[in-house]
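Chain by chain, the residues:
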Amino acid sequence: MHESIERYGQLCVGIDPHGFLLDAWGLPRTAAGLREFGLRVVDAASGTIGMLKPQVAFFEVFGSTGFAALEEVLAAARTAGLIVIADAKRGDIGSSVDAYGDAWLTPGSPLEADAVTLAAYTGTGSLAGVFDLAERHDKGAFVLAATSNPESQVLQTATVPDGGRLGLTVAGLVATEIDEWNRSRASVDNAESPALGSIGVVLGATKNLLDYGVDARSLGASAPLMPVLAPGFGHQGARFDDIRSIYGPLTAGTIVSTSRSALAAGPSALRDTLAAQAAQLAGALS
Ligand SMILES: O=C(O)c1cc(=O)[nH]c(=O)n1[C@@H]1O[C@H](COP(=O)(O)O)[C@@H](O)[C@H]1O
């Protein structure tokens with residue numbers, strides 16, 4: 001992921017085949033339509049940006065044919081050398097979530113991706129098996145911490161009552177635990193610390209992170225830097241120009257995700273739109 005960022009920058013396009021987009025692209029609302037949509041996004045991204053984030057939910061709608069379409073899109077992305085973050089938002093007790101890890105992160109698996117999104121409602125520790133698997137295969141995972149949606153506030157800003165972390169919010173606790181995991185692995189490996197950790201968090205760009213109890217200044221001081229998946233730009237209202245003020249010292253490790261605001265351009269203009277968004281983001285980061 002680090003190499004991809006160095007080469008192509010921090011933009012990641014979502015593959016979110018909403019019905020209205022399939023209609024606008026002249027594609028049927030079927031698994032075959034999703035396959036075509038996904039392959040066209042791969043084609044537009046290839047050589048333009050470095051990362052893709054397929055939203056698994058849209059493929060799941062069609063059951064086995066949807067998953068077959070997703071498998072083809074993932075294989076095409078791999079062939080094109082794109083980094084793929086499977087947005088599957090999995091979470092469960094450890095013995096079950098491990099199987100999700102196997103599905104999305106095991107080399108050779110039909111649904112193999114480079115990273116997967118996870119939910120920590122069962123406790124960050126329940127995800128440890130997936131983190132270890134990711135690290136073993138040089139892959140990654142992103143755990144929801146402060147999500148971009150308005151409904152997230154009450155739960156994610158609740159304070160943690162005990163466990164020696166009095167005063168941390170739920171979002172702050174998840175971010176702190178992931179940051180600690182990255183730092184512990186760097187010291188276990190006893191190798192030269194990589195620039196970016198293997199496991200990241202999701203921090204929505206629509207949020208004031210301090211209001212969610214996430215202190216980018218202290219988290220951003222860590223080595224290796226904790227990666228951040230940053231959705232909420234474009235359609236949900238956040239602007240690239242504000243990236244530094246949103247993420248502070250975490251900015252260098254953010255993966256900036258845009259779906260509808262890029263996909264709405266349509267298939268023939270998508271490559272140019274991605275190039276323009278990547279240039280705009282690079283400008284905001286310079
Ligand atoms: O994990 C995510 O990617 C995610 C987390 C979050 O807090 N908010 C969020 O919007 N997302 C996903 O990011 C994408 C955002 O799409 P757009 O709003 O169209 O750019 C969707 O696939 C969401 O499911």
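Residues numbered from 1 in each chain as written. Predicted model: local features only at pLDDT ≥ 70, side-chain atom pairs only at ≥ 80, totals over all residues.

The name an unreviewed UniProt entry gives the protein is Orotidine-5'-phosphate decarboxylase, with Agreia bicolorata as the organism. A UniProt comment under Catalytic activity (unreviewed entry) is attached to the protein, and it reads "orotidine 5'-phosphate + H(+) = UMP + CO2". Heading Pathway (unreviewed entry) of the UniProt record for the protein holds this comment: "Pyrimidine metabolism; UMP biosynthesis via de novo pathway; UMP from orotate: step 2/2." (UniProt positions renumbered as here; feature names shortened; annotations may be inferred.)

Peer 1: Just checking my understanding: could you explain the site of the ligand for this structure?
Peer 2: The ligand sits among 21 residues. The nearest are Thr147, Ser148, Pro231, Ser259 and Arg260. Among the elements of the structure, strand S8 (254-258) and helix H12 (260-263) are those that each provide at least two residues to the shell around the ligand. Residues of the shell around the ligand, tallied by class, amount to three nonpolar, 15 polar and three charged. (Near = placed C-beta within 6 Å. Helix = DSSP H or I, 4+ residues; strand = E, 2+ residues; numbered from the N terminus. Nonpolar A, V, L, I, M, F, W, Y, C, P; charged D, E, K, R; others polar.)

Peer 1: I tried to follow the nonpolar core on my own but got confused; where do I start?
Peer 2: In summary, soluble globular proteins display a tendency toward joint burial of nonpolar side chains. Formed by 88 residues in total, the largest nonpolar core has its most connected members in Leu52, Ala113, Ala141, Val143, Ala145, Val174 and Val201. Of all the elements, helix H9 (residues 170-189) adds the most residues to this core, at seven residues. (Core = buried A, V, L, I, M, F, W, Y, C linked by C-beta atoms within 7 Å. Buried ≥ 20, exposed ≤ 12 C-beta atoms within 10 Å, placed from the backbone.)

Peer 1: Would you explain the sheet that holds strand S1 (residues 11-15) in this entry?
Peer 2: Two pairing modes exist for strands in a sheet, parallel and antiparallel, and in both the strands are linked by backbone hydrogen bonds. The strand order around the closed barrel built from eight strands is S1-S2-S3-S4-S5-S6-S7-S8, with neighbouring strands paired in parallel fashion. Looking at each pair of strands side by side, their axes are set apart by 30 degrees on average, direction ignored. Note: S1 against S8, three bridges, orientation parallel. Bridge pairing in S8 links Val13 to Thr258. The strands that helix H6 (residues 94-105) touches are strand S3 (83-90) and strand S4 (115-118); relative to S3, the one it contacts most, it runs at about 155 degrees. (Pairing = 2+ DSSP bridges. Axes fitted to C-alpha atoms, helices over the stretch in contact; angles between N-to-C directions. Contact = placed C-beta atoms within 7 Å.)

Peer 1: Please clarify how helix H13 (residues 267-285) should be interpreted in this entry.
Peer 2: Three or four residues apart is the spacing at which side chains of an α-helix point the same way, because the helix has 3.6 residues per turn. Here H13 spans 27 Å end to end across 19 residues, near enough to the 27 Å set by a 1.5 Å rise per residue. Residues of H13 that are buried: Leu270, Leu274, Gln277, Ala278 and Leu281. If you follow the buried residues of H13, they end up packed against S1, helix H3 (31-45), S8 and H12. (Expected span 1.5 Å × (residues − 1).)

Peer 1: Is there a simple way to think about the environment of Pro54 in this case?
Peer 2: The residue Pro54 is located in strand S2 (residues 51-54) in this model. Residue Pro54 is classed as buried on the basis of its C-beta count, with 27 C-beta atoms lying within 10 Å. Put simply, Pro54 and Ser259 are 205 residues apart on the chain and 9.4 Å apart in space, counted from C-alpha to C-alpha. Residues contacting Pro54, with those up to four places away along its chain left out, are Ile15, Gly38, Leu70, Val73, Val84, Ala86 and Asp87.

Peer 1: Just checking my understanding: could you explain the environment of Asp102 for this structure?
Peer 2: If you trace the backbone, Asp102 turns up in helix H6. Considered as a pair, Asp102 and Leu168 are 66 residues apart in the sequence and their alpha carbons are 32 Å apart.

Peer 1: Please clarify how the packing of H3 against H13 should be interpreted in this entry.
Peer 2: Working note: a packed helix pair is described by the angle between its axes plus the distance between those axes. At a minimum axis separation of 8 Å, H3 and H13 run at an interaxial angle of 35 degrees. Along this stretch, H3 crosses H13, giving a crossing that reads as right-handed. Touching Arg40, Val41, Ala44 and Ala45 of H3 are Pro267, Leu270, Arg271 and Leu274, all from H13. In the contact of H3 with H13, the residues fall into six nonpolar, no polar and two charged. (Left-handed = near helix turned anticlockwise from the far one by under 90°.)

Peer 1: I'm lost on the pairing of strand S5 (residues 140-146) in this one. Help?
Peer 2: Looking down a regular strand, the side chains alternate between one sheet face and the other. Among the seven residues in S5, seven count as buried, and that is most of the element. Judged from the four bridges that link them, S4 and S5 form a sheet pairing that is parallel. In the sheet register, Ala115 faces S5, and the bridge partner there is Gly140. Note: S5 against strand S6 (residues 199-203), five bridges, orientation parallel. Bridged to Leu144 within S6 is Val202.

Peer 1: Explain the pairing of S3 to me, please; I cannot follow it from the model alone.
Peer 2: In terms of burial, S3 is largely enclosed, as seven of its eight residues are buried. Alignment of S2 against S3, held across two bridges, turns out to be parallel. Bridge pairing in S3 links Met51 to Ile83. In the sheet, S3 pairs with S4 via three bridges, with the strands oriented parallel. What sits directly across from Ala86, in S4, is Val116. Between the parallel elements S3 and S4, the chain passes through H6 in a crossover that is right-handed. (Right-handed = clockwise from strand over helix to strand, strands pointing away.)

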